[in-house]
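Okay, here's what each chain looks like letter by letter:
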Amino acid sequence: MSAPQIVWLAVGVTGAVGLLAVCIGLFRQVTRLGRAVVEFGKEIRPTLEQLQREAERAQERTQRLAEQGQSLREPSERRARR
């Protein structure tokens, strides 16, 4: 082997090892991110469920108020038609 071939071989091997190290680091970070997402989901679930219950209560209250408002308007609309 000539000197340039040895240099290029050394550069190639060094690059491959560096690329392998980057890939291993990336894989470790992806698994860490996955665990963090699962943990976040577990932590946020009670708050999310509470917000959903509050939203349902608010929706029901809005519906009741709309019905009450409609029932209050109906008599005045009848008088206005006369």
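Refer to the structure above for everything that follows.
As the structure is a prediction and not an experimental result, all values here were calculated from the model. (Residues numbered from 1 in each chain as written. Predicted model: local features only at pLDDT ≥ 70, side-chain atom pairs only at ≥ 80, totals over all residues. Heavy atoms only, no water.)

Examining the overall build of the protein
Now for step 1: Looking only at helices and strands, the protein features one helix and zero strands.
Now for step 2: C-alpha extents for the protein along the principal axes are approximately 110 × 30 × 5 Å.
Now for step 3: The buried share among the 82 residues of the protein stands at 1%.
Now for step 4: Accessible surface, the protein: about 7700 Å² in total, of which carbon and sulfur atoms supply 62%.
Now for step 5: Separation of charge centres in the protein, based on 14 positive and 9 negative side chains, amounts to 2 Å. (Helix = DSSP H or I, 4+ residues; strand = E, 2+ residues; numbered from the N terminus. Buried < 20%, exposed > 50% of the residue type's maximum accessible area, 1.4 Å probe, protein only. Areas by Shrake-Rupley, 256 points an atom, 1.4 Å probe, with all protein chains shown as cover. Lys, Arg positive; Asp, Glu negative; His and termini not counted. Charge placed at Lys NZ, Arg CZ, Asp CG, Glu CD.)

Considering the pattern of salt bridges
Between side chains of opposite charge, pairing is possible as soon as their charged atoms come close.
Now for step 1: One pass over the full model with this rule turns up one salt bridge.
Now for step 2: Arginine 57 is the salt-bridge partner of glutamate 54, the closest N and O atoms lying 3.1 Å from each other. Separated by three residues within a single helix, glutamate 54 and arginine 57 lie in helix H1 (residues 3–81), roughly one turn from each other.
Now for step 3: Here glutamate 54 falls in the partly exposed class, since its relative accessible area comes to 39%. (Salt bridge = Lys/Arg side-chain N within 4 Å of Asp/Glu carboxyl O.)

Points about the environment of glutamate 60
Now for step 1: Relative to the helices and strands, glutamate 60 resides in helix H1.
Now for step 2: When the C-alpha positions of glutamate 60 and tryptophan 8 are compared, they lie 73 Å apart, and in sequence the two are 52 residues distant.

That is the geometry; function is a separate question.
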